[in-house]
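If you want the building blocks of each chain, they are given just below.
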Amino acid sequence: MRALFFKCQQLVILDQTKLPNKIVYRKLRNYEAIISAIKHLQIRGAPLIGIAGAYSLVLAAIKNCNRRYLTKVAEQIRSARPTAVNLSWAINRMLAVINNCQIATKDLVKSLISEAKAIEREEESNTFKIGEIGANLIKDNMTVMTICNTGWLATVGIGTALGVIYTAVKQGKRVKVYVLETRPLLQGARLTAFELSKAKIPYTLITDNMMATVMPNVDIVLVGADRIAQNGDVANKIGTLTLAITAHYFKVPFYVVAPTSSLDLNLNNGKEIVIEKRDKNEVIYVGKKLIAPKSADVFNPAFDITPASLISGIVTEKKIFYPPFKLNN
C-alpha cells in the first residue's frame, strides 16, 4: 500500500481519517482540494505533507502558469500546516523552479512535475537510509515505545521512527512495540496499530497516561519530528514532551528520527517554532461522540517542543547526531 501517488494530472491519496475501519482512496484534481486534505488530516505526516504540497503547485500550474499566480498559491499551500517545516521546504524547492523559468509556458509544468517527483524519490530513498542507520540502535528482543504515526502512512517509503523498527525486524531482530494512542486524534491507535498489525509486528496499545507505568519495561523510545531547530529542540506531536520527560526520569534512551527536510536551520531554538492550534471539536469529540460539554473552554495545540537536553540523538538519512547538537554541520 502507498499513502499517496501522482497519476494522470491528479493526486491520489489514502484518506487517513477513515483508517483503520475503511481503506478509501481519493482523487484530488486541484490545489484547493490538496490544501483541504492537508488541513483535515486526510494527508498527514510531515514528509508526506511536503510531497503533497509540491504536487499541489503542479496542479495549480496546470491551470495557470503565471508566475505571480503560482507565487500566491504557494503561500496558501505553505500556511496549510504551519509547524511542519517539510511543507515550506518542498514549496521553496518548487518556487526555485518557477523563479528560474524564463517564460511561463507548459514547459514550466513539466519542470514542476519533474521537481515534485524528485522530491518524492529523495524522501522515499531517505526513509530506507534512515531505517538502516537507526536500526543500529535496536538490539534483538528490544522493547520500543513510540507516539503518533511515523510509518509509511506519514511518508513515502517505510517511514521514520517506524521505518527503523521495520528495518530492524527485516534484519531478523525481534522487537516489541508499545504504541501510545496519541490523543486527541488517536494517530497511534488508529494508524500505527494498523501498520504494525499489517506488518505482523508484536505491539501493545496503551493510553498516553499509562506511559510512566510501562516505561520501566522499555529499552528505547523512538519518535518523529515536524520541525527541528538548529540547537536540537524538536517540535513533534503533542505528548512527545511528556514522553521525553518520562523517558529521562527512567533513564531510557530517547531518539528523534526524521529526514533532513525536517531541519530548520534558520531557527536558533524551539522557542521560535510556531505551534499550530486546532479546533476544539477534536478534543470534545472522540469520533462523532461528544465526551465533554460543548461549551467547554479548550486548549488544543497540535504539537509541543521537546528541548535538546532530553534527546539522546537525532537519526537522519545522513547520520545520527548526538549532543551537543550542531545540526548545521
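Calculation criteria
Residues numbered from 1 in each chain as written. Predicted model: local features only at pLDDT ≥ 70, side-chain atom pairs only at ≥ 80, totals over all residues. Heavy atoms only, no water. Helix = DSSP H or I, 4+ residues; strand = E, 2+ residues; numbered from the N terminus. Rg over C-alpha atoms; globule rule 2.2 N^0.38 Å. Buried < 20%, exposed > 50% of the residue type's maximum accessible area, 1.4 Å probe, protein only. Contact = heavy atoms within 4.5 Å. Areas by Shrake-Rupley, 256 points an atom, 1.4 Å probe, with all protein chains shown as cover. Lys, Arg positive; Asp, Glu negative; His and termini not counted. Charge placed at Lys NZ, Arg CZ, Asp CG, Glu CD. Pairing = 2+ DSSP bridges. Axes fitted to C-alpha atoms, helices over the stretch in contact; angles between N-to-C directions. Salt bridge = Lys/Arg side-chain N within 4 Å of Asp/Glu carboxyl O. Phe/Tyr/Trp six-rings, centres within 6.5 Å; stacked < 30°, edge-to-face > 60°. Expected span 1.5 Å × (residues − 1).

Focus: the overall build of the protein
Each helix and strand in the protein was counted, giving 10 helices and 16 strands. A globule of 329 residues ought to have a C-alpha radius of gyration of about 20 Å, and the protein, at 19 Å, matches this closely. Its C-alpha atoms give the protein principal-axis dimensions of roughly 60 × 50 × 40 Å. For the protein, buried positions account for 57% of its 329 residues. Across the protein, the fraction of contacts at a sequence separation of at least 24, relative to all contacts at a separation of at least 6, is 74%. When the accessible surface of the protein is summed, it comes to about 14,500 Å², and 53% of that surface belongs to carbon and sulfur atoms. Across the protein, the mean location of the 43 positive side-chain charges is 5 Å away from that of the 25 negative side-chain charges.

A short note on the sheet that holds strand S9 (residues 234-237)
Taking strand neighbours across the sheet as the criterion, the 4 strands line up as S11-S8-S9-S14 in an open arrangement whose pairing is mixed. Since the sheet does not close on itself, it has two edges, and those belong to strand S11 (263-264) and strand S14 (303-306), each with one partner. Both S9 and S14 contribute to a ladder of 4 bridges, which runs antiparallel. Following the sheet pairing, Val-234 is matched in S14 by Thr-306. Docked against the sheet, helix H9 (residues 240-249) engages S9 and S14, running at close to 35° with respect to S14.

Comments concerning the side chain of Thr-143
Locating Thr-143 in the fold gives a position in strand S4 (residues 142-146). We classify Thr-143 as buried; its relative accessible area is 11%.

A closer look at the side chain of Thr-167
Counting through the fold element by element, Thr-167 comes out in helix H6 (residues 161-170). The exposure class assigned to Thr-167 is buried, which follows from its relative accessible area of 6%.

A few points about the pattern of salt bridges
Going through the model one piece at a time under the given rule, you end up with 11 salt bridges. Where Asp-15 meets Arg-26, a salt bridge forms, and the shortest distance between an N and an O atom there is 2.6 Å. Residue Asp-15 is found in the loop between strand S2 (10-14) and strand S3 (25-28), and its partner Arg-26 is found in strand S3; the two are separated by 11 residues along the sequence. A salt bridge links Arg-93 to Glu-115; the shortest N-O distance between them is 2.9 Å. With Arg-93 in helix H4 (residues 85-100) and Glu-115 in helix H5 (residues 106-134), the pair connects residues that are 22 residues apart, well separated along the chain. Judged by its relative accessible area of 18%, Glu-115 falls in the buried class. Each of Arg-81, Glu-276, Arg-278 and Glu-282 takes part in salt bridges that share partners, so that together they form one network.

So, the sheet that holds strand S1 (residues 4-7)
Strand order in this open sheet of 3 strands is S1-S2-S3, and the pairing throughout is antiparallel. The sheet terminates laterally at S1 and S3, the two strands that pair on one side only. The average angle at which neighbouring strand axes cross in this sheet is 25°, direction not considered. The pairing of S2 with S3 spans 4 bridges and is antiparallel. Within S3, the position partnered with Leu-14 by the bridge is Tyr-25. Those strands touched by helix H2 (residues 46-63) are S1, S2 and S3, and its axis lies near 20° from that of S1.

So, the packing of aromatic side chains
One pass over the full model with this rule turns up 4 aromatic pairs. Centroid distance Phe-6 to Tyr-55: 4.7 Å. Interplanar angle 10°. Geometry classified as stacked. One end of the pair, Phe-6, is in strand S1; the other, Tyr-55, is in helix H2, with 49 residues separating them in the sequence. Overall, Phe-6 belongs to the buried group, its relative accessible area being 17%. With a relative accessible area of 1%, Tyr-55 lands in the buried category. Arranged with centres 6.4 Å apart and planes meeting at 85°, the rings of Tyr-255 and Tyr-322 form a pair that is edge-to-face.

What about H4?
In a regular helix each residue adds 1.5 Å, so 16 residues correspond to 22 Å; H4 covers 23 Å between its end C-alpha atoms and thus fits that length. Looking only at H4, the buried set comprises Val-85, Asn-86, Leu-87, Ser-88, Ala-90, Ile-91, Met-94, Leu-95, Val-97 and Ile-98. Against H2, helix H3 (67-78), H5, strand S8 (227-229) and S11 lie the buried residues of H4.

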